[in-house]
Amino acid sequence: MKKHSYNISWSRVRGSLCAVAIVASCSAVAGAEIVNGDCGFGTIVSINDNLDSPIDIYNRGVACYSAKNYGEAVKCFRQAAEMGYSDAQYNLGYCYDYGRGVTLDSTEAAKWYTMAAEQGNISAQNNLAILYETGRGVEKNLTEAVRWYRAAAEQGDVDAQFNLAYCCSHGIGTERDYAEAARWYRKAAVKGNVSAQCNLGLLYEDGRGVEMDCVQAALWYRAAAEKDNVNAQFNLALLYEYGKGVVQDYDEAVKWYMKAAESGNVSAQNKLGRLYGDGKGLLQSYAEAVYWYRKAADQGSATAQCNLGYCYSKGYGVSQDYAEAARWFRISAEQGLVNAQYNLGQYYELGQGVEQDRDEAIKWYRLAAQQGDQDAQRILSDWKETW
């Protein structure tokens, strides 16, 4: 019977693409008053009452938006946008992008973002890039996405810097270039972007685009972990568990695994299951191991499902239950996990938790064998079966 390997992949999840929030204009217009307060519905000035400047109209829109009077805000933004004011064009695009005061319409969002982006509005450039990357409102075009990310990044937009770095590190819309990715991650990281801090740590950990340096990796992971980035918390815990870039410390590893696990990180939940089972850094408790395996299994983790099946097969932390073990092995095996496929094959061979069925055993052994499982290959060879 096989548990799944605990060599859990390191998290390399991209942070969410950031749509920048509506903000009051900071354009340097003489005498312009930036309205930030709650204007209240009763104090809204009709946009048809006078021929105000675009920034005056725009600022009323910001005030209405802040008061959650989105319909009136859209009217103001539209009038200022049609007068060529880029911040209003961006905000109008944003309203269409998120359905604030208008019916959600990605095509209209792209139209107004484009107008603003072509005038150099960095928020519009980043959000337009997102639309090109995802194919919302425009035909999907990764090259265009990178072009607009770069335009905003070069003007200092931290979200665009992160997004551009991610594209460079993954070869999205441009050739894969880890050195370029590291350059842009660093720019975003020093400005406090936690996803960039985490991903820069990964590059230092792996020595991609930068010289391998686990001490630097730990520093960047910690910066992001202390700001509650769960991927960084998990990665920092791994460094403490294995003593890479830091002094090995199971207590610290458990601390960071726990933080990530409690935030729903599946890999951290699996790790806590193993540490509770092994009694490393924690008082051994199979019941706690099962608790964390179940947390991850319920989120669809094939690894946790296999490990939970293993606990049921051995009676670790739960009453021994071959039928329940078989159920979890099947769920995991159907996701393609090789150890679960082998275990399920063995259950069918022996008739444990399922009705004995040689054909089903062969089926699952064959799937495991095709993934290189030597035990499954040996069994099939002994049975004169191919794989």
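Residues numbered from 1 in each chain as written. Predicted model: local features only at pLDDT ≥ 70, side-chain atom pairs only at ≥ 80, totals over all residues. Heavy atoms only, no water.

(A) Here's a closer look at the side chain of Asn-91. As for its position among the elements, Asn-91 is in helix α3 (residues 86–98). At 3.1 Å, the side chain of Asn-91 and the side chain of Tyr-58 are in polar contact. (Helix = DSSP H or I, 4+ residues; strand = E, 2+ residues; numbered from the N terminus. Polar contact = N/O pair within 3.5 Å; in protein donor to acceptor, adjacent residues only side chain to side chain.)

(B) Region of interest: the packing of helix α11 (residues 230–242) against helix α13 (residues 266–278). Axis separation between α11 and α13 bottoms out at 10 Å; the angle between their running directions is 30°. When the axes of α11 and α13 are compared, the pair comes out roughly parallel. Every pair of crossing elements has a handedness; the one defined by α11 and α13 is left-handed. Listed contacts from α13 to Phe-234, Leu-238, Glu-241 and Tyr-242 of α11 are Ser-267, Ala-268, Lys-271, Arg-274 and Leu-275. Counted by class, the contact of α11 with α13 contains five nonpolar, one polar and three charged residues. (Axes fitted to C-alpha atoms, helices over the stretch in contact; angles between N-to-C directions. Parallel < 35°, antiparallel > 145°, perpendicular 65-115°, else oblique. Left-handed = near helix turned anticlockwise from the far one by under 90°. Contact = heavy atoms within 4.5 Å. Nonpolar A, V, L, I, M, F, W, Y, C, P; charged D, E, K, R; others polar.)

(C) Looking closely at the packing of aromatic side chains. As enumerated under the stated definition, the model contains 15 aromatic pairs in all. Here the aromatic rings of Tyr-58 and Tyr-85 are separated by 5.2 Å at their centres, their planes lie at 70°, and the arrangement is edge-to-face. Placement of Tyr-58 in helix α1 (residues 54–66) and of Tyr-85 in the loop between α2 (70–82) and α3 is noted, with a sequence separation of 27 residues between them. By relative accessible area, Tyr-85 is classed as buried at 12%. The interplanar angle of 90° and the centroid separation of 5.5 Å between the aromatic rings of Phe-329 and Tyr-347 together place this pair among those described as edge-to-face. Highlighted residues: Phe-329 in helix α16 (residues 322–333) and Tyr-347 in helix α17 (residues 338–350), separated in sequence by 18 residues. Under the relative-accessibility criterion, Tyr-347 is labelled buried at 0%. Clustering of aromatic rings is evident, with ring pairs tying together Tyr-90, Tyr-94, Tyr-98 and Tyr-113. When the ring centre of Trp-184 is taken as reference, the NZ or CZ atom of Lys-187 above it lies at 5.7 Å. (Phe/Tyr/Trp six-rings, centres within 6.5 Å; stacked < 30°, edge-to-face > 60°. Buried < 20%, exposed > 50% of the residue type's maximum accessible area, 1.4 Å probe, protein only. Lys NZ or Arg CZ within 6 Å of the ring centre and 35° of its normal.)

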